[in-house]
Amino acid sequence: MKRIGVLGSTGSIGTQTLDVARIHKDKIKVELLSASKVSDKLLEQIREFKPKYVYVCEQNKDIDGVKVLSGEEGLKELVELDIDLYINGISGIAGIKPTYYLLQKNRNLATANKEAIICLGEVLGNKYKNIIPIDSEHSAIFQCMFSGRREDIKKIILTASGGPFLNLPLDEFKNITVEQALNHPKWKMGRKVTIDSATLMNKGLEVIEAHYLFNLPYKKIDVVIHPDSIIHGLIQFNDNSIIANISSPDMRIPISYAISFPERWFNGSDELDLTDIGKLEFFKPDYKKFPLLKLAYYVGEKAGAYPIILTVSDEIAVNMFLEGKIKFTDIYRLIQTVIENLDFETPKNLNDVLNIIEETERFIKNLKLN
Ligand code: MG
């Protein structure tokens, strides 16, 4: 039995992890469920999977039959549990602390929480070799790595679907509505990552995530627009041979791979018939329409605290857009303004990271976009 702990269990990655666990009740035991708060959905998951432990940020009620952990103290208990693999499906910077404590304790971690990987990159990057990535592009690269030696990698290529606005003329970007931006053509995902996919910030964050996860310089990390979302990532080796990872766009595939690794288990996904697909398309990214991707490379190269500033300002800007407070095109304007105006020392520990986050949040609160 593989004992797993699911962080962010009520979110998109969490529920799909439980879909996989449901198929393999004989092989996977869910020992821990964790969410920001007790909700009907969490209670339903507890009834179905009967975990030993539940973690919620703030404990507001007891739950029959499980030990409820909460707050900072509970987080420290959470990382010491009898669990073979933790799966982090938390969205955004809320996942930083659990990621930090789990890696500090050298626990096995499979994670889709790119914001945490980025924000802790300067502080904990040396521990990232223990991570199995769930982000589909990074799972793809992780899988392609087995085809050659690290030192023979010429470059890695992350694919991007291009999101819902790939073919929208630039002058119409200012009128994009929340509903349009949430309507992703290929992937079923949470709200934050769906908006990030529409601006291509998601791909920008993934470039930085790849830099820290695989310890590769930015000049060896490429992005290609691939609207079909069938190829998720590729590695070009020094002999110019390219190894690609191909599957239908279904997060249950990278999730189940992370759980079953090095084995491969059925996960409920459809078999891919290449003759159904017929042909695949690839384009260069358009930086005029999607300047956040370019900004991410700039920020990644600048390193230090900048990737954290970028991550935090993006999270706030996306929330403001979702709440109708700013326009789609203001997401870039806000982030760029913050990057231009803030500067901190390179973080050396978790406290430094949290301080940079707090200072960035304070700066944005007082910011007036004109
Ligand atoms: Mg991804």
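Residue numbers restart at each chain and count upward from 1, following the sequence in its written direction. Totals for whole chains, interfaces and linings use all residues, but because this is a predicted model, local features are given only for residues with pLDDT of at least 70 and pairs of side-chain atoms are given and counted only at 80 or more. With hydrogens and water set aside, each side-chain value is computed from the structure's full complement of heavy atoms.

1. Quick look at the sheet that holds strand β4 (residues 67-70)
An order of β4-β3-β2-β1-β5-β6-β7 is seen for the 7 strands of this open sheet, with the pairing classed as parallel. Two strands in the sheet have a free side with no partner beyond their single neighbour: β4 and β7 (131-133). With strand direction ignored, the average angle separating the axes of adjacent strands in the sheet is 25°. Pairing analysis gives 3 bridges linking strand β5 (residues 85-88) to strand β6 (residues 109-111), with the strands arranged parallel. Its bridge partner lying in β6, Ile-87 is registered against Ala-110. Seen against the sheet, helix α11 (residues 252-260) touches β1 (2-7), β2 (28-35), β5, β6 and β7 and runs at an angle of roughly 160° to β5. Strands are labelled as partners when DSSP assigns at least two bridges between them. Where helices and strands are cited, they refer to DSSP runs of H or I of at least four residues and of E of at least two residues respectively, numbered from the N terminus. Helix axes use the C-alpha atoms of the stretch in contact, all axes being lines fitted to C-alpha atoms, and the angles between their N-to-C directions lie in the range 0 to 180 degrees. Any two residues having at least one pair of non-hydrogen atoms within 4.5 Å are treated as being in contact.

2. With respect to the domain arrangement of the protein chain
Each domain's extent is set by a domain assignment, obtained either automatically or from a database. Each assigned domain of the protein chain is listed with its residue range as follows: domain 1 (2-133) and domain 2 (139-303). Domain 1 and domain 2 are separated by 24 Å when their C-alpha centres are compared. Carbon and sulfur atoms supply 70% of the area buried between domain 1 and domain 2, which totals about 2,500 Å² over both sides. Put simply, a salt bridge is a Lys or Arg side-chain nitrogen that is within 4 Å of an Asp or Glu carboxyl oxygen. At the boundary of domain 1 and domain 2, one finds 2 salt bridges. Residue Glu-206 is joined to Lys-114 by a salt bridge in which the shortest nitrogen-to-oxygen separation is 3.1 Å. In protein, a polar contact means a hydrogen-donor-capable atom and an acceptor-capable atom, both N or O and within 3.5 Å, with residues adjacent in sequence counting only if both atoms are side-chain atoms; elsewhere, any N or O pair within 3.5 Å suffices. Here domain 1 and domain 2 share 6 residue pairs in polar contact (both at pLDDT 80 or more) between them. We call Asp, Glu, Lys and Arg charged. Ala, Val, Leu, Ile, Met, Phe, Trp, Tyr, Cys and Pro are nonpolar, and the rest, Gly among them, are polar. In terms of residue class, the side of domain 1 that touches domain 2 is made up of 13 nonpolar, 6 polar and 6 charged. Accessible area that two parts lose when put together, with a 1.4 Å probe and added across both, is what the buried area reports.

3. Some points on helix α9 (residues 191-199)
In terms of burial, α9 is a largely internal element, 7 of the 9 residues being buried. Along α9, the residues that are buried comprise Lys-192, Thr-194, Ile-195, Asp-196, Ser-197, Ala-198 and Thr-199. Looking at the buried positions of α9, the neighbouring elements they touch are α5 (114-119), α8 (178-181), α10 (201-214), α13 (291-302), α14 (306-322) and α15 (328-341). With a 1.4 Å probe rolled over the protein chains alone, any residue whose accessible area is under 20% of its type maximum counts as buried; one over 50% counts as exposed, and the rest are partly exposed.

4. As for the pairing of β5
Burial along β5 is two-sided: Leu-85 and Ile-87 facing one way and Tyr-86 and Asn-88 facing the other are all buried. When β1 meets β5, the two strands line up parallel, connected through 4 bridges. By the bridge assignment, Val-6 is partnered in β5 with Ile-87. Of the crossover connections in this fold, the one passing from β5 over helix α4 (residues 96-104) to the parallel β6 is right-handed. Orienting the strands away from the viewer, one traces the path from the first strand over the helix to the second; a clockwise path indicates a right-handed crossover.

5. With respect to the sheet that holds strand β8 (residues 153-160)
Read across the open sheet, the 4 strands follow the order β9-β8-β10-β11; overall the sheet is mixed. The strands lining the two open edges of the sheet, one partner per strand, are β9 (221-225) and β11 (242-246). Taken pair by pair, the neighbouring strands of this sheet meet at an average axis angle of 20°, ignoring direction. Direction of pairing for β8 relative to β9: parallel, over a ladder of 5 bridges. Within the sheet, the bridge partner assigned to Ala-160 lies in β9 and is Ile-225. The strands that α10 touches are β8 and β9; relative to β8, the one it contacts most, it runs at about 150°.

6. So, the nonpolar core
Core analysis: the largest hydrophobic core is formed by 119 residues, its most contacted members being Ile-156 and Leu-310. Ranked by the residues each element gives to this core, the list is headed by α14, at 9 residues. Counting residues domain by domain, this core receives three or more from each of domain 1 (2-133) and domain 2 (139-303). Residues in contact with Ile-156, not counting those within four places in the same chain, are Ile-141, Ala-210, Phe-214, Leu-216, Lys-220, Ile-221, Asp-222, Leu-234 and Ile-235. Nonpolar cores were defined as sets of buried Ala, Val, Leu, Ile, Met, Phe, Trp, Tyr and Cys residues, with membership established by side-chain atoms within 4.5 Å.

7. Here's the deal with the packing of aromatic side chains
Each pair of aromatic rings taken from Phe, Tyr and Trp, with Trp reduced to its six-membered ring, is defined by centres within 6.5 Å and is described as stacked if the planes are under 30 degrees apart, edge-to-face if over 60, and tilted in the remaining cases. On inspection of all chains with the given rule, the structure shows 11 aromatic pairs. Ring geometry for Phe-165 and Phe-173: centres 6.2 Å apart, planes at 65°, overall edge-to-face. Of the two residues examined, Phe-165 and Phe-173, each falls in the buried class. Relative to Phe-290, the ring of Phe-173 has its centre 5.7 Å away and its plane inclined at 70°; by these criteria the two rings are edge-to-face. Note that Phe-173 is positioned in the loop between β8 and α8 and Phe-290 in the loop between α12 (274-277) and α13, a separation of 117 residues in sequence. Taken as a pair, Phe-173 and Phe-290 share a single burial class, namely buried. Taken together, the ring pairs in this structure connect Phe-165, Phe-173, Phe-290, Phe-321 and Phe-328 into an aromatic cluster.

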